[in-house]
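So you can see what is in the structure, the chains are spelled out below.
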Amino acid sequence: LIRDVSEVISWLQNKLGDGEGTVVHCAIMSLHYLILEGELDFSKVVKVLSKALVDVDDISAILCLPPTVVEALVILFGDGAVGAEEDSEKESDDDESDISPQVETAVRP
């Protein structure tokens, strides 16, 4: 059981640079579940992925990644699109973030 997400953020970021596709897949899926639980912000995770793994705006670079990594990115980006619609509705109701300050400082964009 993880009590403080900020303890695993740097570990996950380091695993994104691992050359093994399955390790990167697991790291991305971990980020995916942390986003779903509201522990991480989707836009910050995208910035981290752009720096640590691949430029997320470059489709050809993404397609050069191992298939398991591409699959994890598709799952993550798919959830971000749905979350973005929900976030826009949430922002109109409430401007405060549910993400803890510890997690905010642990994520290195």
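The sections below set out a description of the structure shown in this document. (Residues numbered from 1 in each chain as written. Predicted model: local features only at pLDDT ≥ 70, side-chain atom pairs only at ≥ 80, totals over all residues. Heavy atoms only, no water.)

Counting 25 residues, the largest nonpolar core has Leu16, Ile28, Leu40, Val45, Leu49 and Leu73 as its most contacted members. Of all the secondary structure elements, the ones that give two or more residues to this core are α1 (6–16), α2 (21–36), α3 (42–52) and α5 (67–93). At 7 residues, α2 tops the list of elements feeding residues into this core. If we skip the residues at most four places from it in the chain, leucine 73 touches Ile28, Leu49, Leu53, Ile62 and Leu65. (Core = buried A, V, L, I, M, F, W, Y, C linked by side-chain atoms within 4.5 Å. Buried < 20%, exposed > 50% of the residue type's maximum accessible area, 1.4 Å probe, protein only. Helix = DSSP H or I, 4+ residues; strand = E, 2+ residues; numbered from the N terminus. Contact = heavy atoms within 4.5 Å.)

Within the secondary structure layout, threonine 22 lies in helix α2. Given the relative accessible area of 45%, threonine 22 is considered partly exposed. Expressed as a C-alpha distance, the spacing of threonine 22 and alanine 72, which sit 50 residues apart in the sequence, is 9.9 Å.

Here we come to the environment of aspartate 4. Summarising the element assignment, aspartate 4 is placed in the segment before α1. Classification of aspartate 4 by relative accessible area gives partly exposed; the value is 26%. Along the chain, aspartate 4 and glutamate 39 lie 35 residues apart, while their C-alpha atoms are 9.6 Å from each other.

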